[in-house]
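Fold and geometry: a report
Here is how the chains run, residue by residue.
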Amino acid sequence: MEVKFERLKDNINTLAQIGRQEDGGIYRMAFTPKEQEGREWLIQQLKLANIPSQMDGALNIVGRLENDSNRTKPAILIGSHIDTVPNAGALDGALGVLVALECLTRINEENIQTSFPLEMIAFSDEEGRFGGMFGSRALSGQLNPGILEEATDLDGHALKDVISALGFEPYKALDASRLSEEIKYYLELHIEQGPVLDVEELSVGIVTDITGLFKWQVQLTGAANHAGTTPMELRKDAFMGLADFAHEIPRILDENGSEDSRLTVGNASLYPGSANTVPGKVEFSIDSRDVNLEVLEEIKTACRKTLSAIARRRGLQFDFNEVSVIEPVACNEAIKKSIEANAKKLAYDYKLMPSGAAHDAQMMAKIAPIGMIFVPSKNGVSHSPHEWTDWHHIEKGANLMLNTILDLSK
Ligand SMILES: [Zn+2]
């Protein structure tokens, strides 16, 4: 059985018009009228496909296909998100939702009686206008009133005001949570957002794990002083501390990391920040990722020891705060096996690979076994209007998802 690819293509192109601006980018940020327009369009598509739908309290759209014999069984959820970053491309999130829609539509058209109900889901605010993975966090029971009360976006808009302005009741998001007994599996197809499949010219990736991460904001404090009169050996130059640390990154990963480990200093500010002053303070970020929690902990310890030693040597004070921690999750064995068996059956070349980016699946792992399919990102580009995947890869990814759903719902 195959998806109707022309219909999927039309849907991808149509949704990509919602929120598109003159610069070619898509602006369908979470809880904006454009994202809401996307939801309404999606509800319309579900209606056309004769799939009953509803919106839960966290503004997730759920389309459910069930029959008399499977109604009380746990459901297989398939989805992703339709919100975007500003100036986005057409596929991040949207592709996973539209593939889920197409799969359910096909199964409904063929009147196939699955043993478990199937649900298409479009999560709200995956991209993090208000912290990220809001909808999947709510559905997996990881939301609390404090988060709803305090969350604001970068412009200072409060989450609860923004939801109210759309005409919804913000605290209803707490009602979106579901029990693990209600969910058999969660499946997500997503663009890779990295270069691996594109470089290796593969159509599909089977995700083994989703990386966890820790983010630190680090401060090294020395003494700001005159760049001309302060001898080199008498300086407490905070920037040199950062330079030393940057130099140690390969060693930290060689000694403590795995081949999947990443460590990035993506943001740094020097103070006072004038060309003729020795920088007395540097603030910088550390973002480190791996698929193994213990490895991540070891990298953390190594960063702390390394920065302490550098601070001692250069007469600096070292402080940091942990901005966020997300634990890595492993994909479910049975789901991975099914995806792999179906890739073989369809004669698709594939690769088993970790996901370096976070996804709704990571939240869903709290209450359900998860599995993910990747399709290639051309040149590894994402979060950009240049984000793209060749149609023939999309078609294969969608057919692999359809066959996997049919297999797992037998
Ligand atoms: Zn995404």
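Please refer to the structure placed before this passage.
Described below are features of the structure shown in this document. Numbering of residues begins from 1 in every chain and follows the order in which that chain's sequence is written. Selection of residues for local features in this predicted model requires a pLDDT of at least 70, selection of side-chain atom pairs for listing and counting requires 80 or more, and totals for whole chains, interfaces and linings are taken over all residues. Hydrogens are left out, water is left out, and the side-chain values use all remaining heavy atoms of the structure.

A word on the coordination of the zinc ion
Put simply, the test is: As a rule, N, O and S atoms within 2.8 Å of a metal are its donors, except that Na, K and Ca use 3.2 Å; water is not among the atoms, so sites may look incomplete. What counts as a helix is a DSSP run of H or I of at least four residues, what counts as a strand is a run of E of at least two, and both are numbered from the N terminus. The rule is simple: take the accessible area with a 1.4 Å probe, protein chains only, and divide by the maximum for that residue type; under 20% is buried, over 50% is exposed, in between is partly exposed.
For the zinc ion, the protein coordination sphere consists of His81 (NE2), Asp92 (OD) and His190 (NE2), at 2.1 to 2.2 Å. Donor residues binding the zinc ion come from one chain and are separated in sequence as H-x10-D-x97-H. Pair noted here: histidine 81 is in strand β3 (residues 75-81) and histidine 190 is in strand β5 (residues 183-191), with a separation of 109 residues, a long-range link. You'll find histidine 81 and histidine 190 in the same group, each marked buried.

A short note on the environment of aspartate 92
Cut-off, in case you're wondering: Whether two residues are in contact is decided by their heavy atoms, any of which lying within 4.5 Å being enough. We call two N or O atoms a polar contact when they sit within 3.5 Å, provided that within protein one can donate a hydrogen and the other can accept it, with sequence-adjacent residues counted only if both atoms are side-chain atoms.
Mapped onto the elements of the fold, aspartate 92 is located in the loop between β3 and α3 (94-109). Here the alpha-carbon distance between aspartate 92 and glutamate 127, two residues 35 residues apart in the chain, equals 9.6 Å. Ignoring sequence-local partners within four residues, the contact set of aspartate 92 consists of His81, Asp83, Glu127, His190, Ile191, Gln193, Ser382, His383 and Glu387. At 3.1 Å, the side chain of aspartate 92 forms a polar contact with the side chain of glutamine 193.

A look at the layout of surface pockets
Test applied: A cavity here means a set of points on a 1 Å grid, drawn over the protein atoms and nothing else, where a 1.4 Å probe fits but cannot get out; a pocket is an open set with protein on both sides within 12 Å along at least five of seven lines, and a residue lines either one if it has an atom within 4 Å of a point. Grid points are joined across faces, edges and corners, and a volume is the space filled by probe spheres set on the points. Just so you know the grouping, Ala, Val, Leu, Ile, Met, Phe, Trp, Tyr, Cys and Pro go in nonpolar, Asp, Glu, Lys and Arg go in charged, and all remaining residues, Gly too, go in polar. Domain start and stop points were drawn from an automatic or database domain assignment.
Here the largest pocket is characterised by a volume of approximately 880 Å³. Contributing to the lining of the largest pocket are 30 residues, with Gly131, Met133, Leu213, Ile326 and Ala358 lying nearest its centre. Counting residues per element, the ones that place at least two in the lining of the largest pocket are β7 (212-221), β13 (317-326) and α11 (360-364). Among the elements that line the lining of the largest pocket, the one with the most residues is β13, at 4 residues. Tallied by class, residues from the lining of the largest pocket come to 12 nonpolar, 10 polar and 8 charged. Taken domain by domain, the makeup of the lining of the largest pocket includes at least three residues from each of domain 1 (5-211 + 328-408) and domain 2 (212-326).

Remarks on the pairing of strand β12 (residues 281-290)
Selection rule: Each pair of strands is called paired provided DSSP finds at least two bridges between the two strands.
Counting buried positions along β12 yields 9 of 10 residues, so the element is predominantly enclosed. Sheet topology places β7 next to β12; 10 bridges connect them, and they run antiparallel. Bridge pairing links leucine 220 to valine 282 in β12. As defined by bridge partners, strand β9 (residues 262-264) adjoins β12 across 3 bridges and the pair is classed as antiparallel. When the bridges of β12 are listed, leucine 263 appears paired with serine 288. Inspection of the sheet shows strand β10 (residues 268-271) paired to β12 by 4 bridges, in the antiparallel sense. Note on β12: the bridge partner recorded for serine 269 is glutamate 283.

So, the side chain of serine 261
You can see serine 261 is positioned in the loop between α8 (238-256) and β9. Judged by relative accessible area, serine 261 falls into the buried class, the value being 8%. A distance of 2.7 Å separates the side chain of serine 261 from the side chain of aspartate 290, its partner in a polar contact. With residues up to four places along the chain from it excluded, the contact list for serine 261 reads Leu253, Arg289, Asp290, Val295 and Ile299.

Observations concerning the nonpolar core
The criterion, for reference: For this analysis, a nonpolar core means a set of buried residues of the types Ala, Val, Leu, Ile, Met, Phe, Trp, Tyr and Cys, connected via side-chain atoms within 4.5 Å.
Counting 54 residues, the largest nonpolar core has Leu42, Leu95, Met120 and Met401 as its most contacted members. The greatest single-element share of this core, amounting to 10 residues, is contributed by α3. Beyond its immediate stretch of four places on either side in the chain, leucine 95 contacts Ile12, Leu189, Ile191, Val375 and Ile394. Among the nonpolar cores identified, the runner-up in size contains 24 residues, and Ile249, Val282, Cys303 and Ala311 belong to it.

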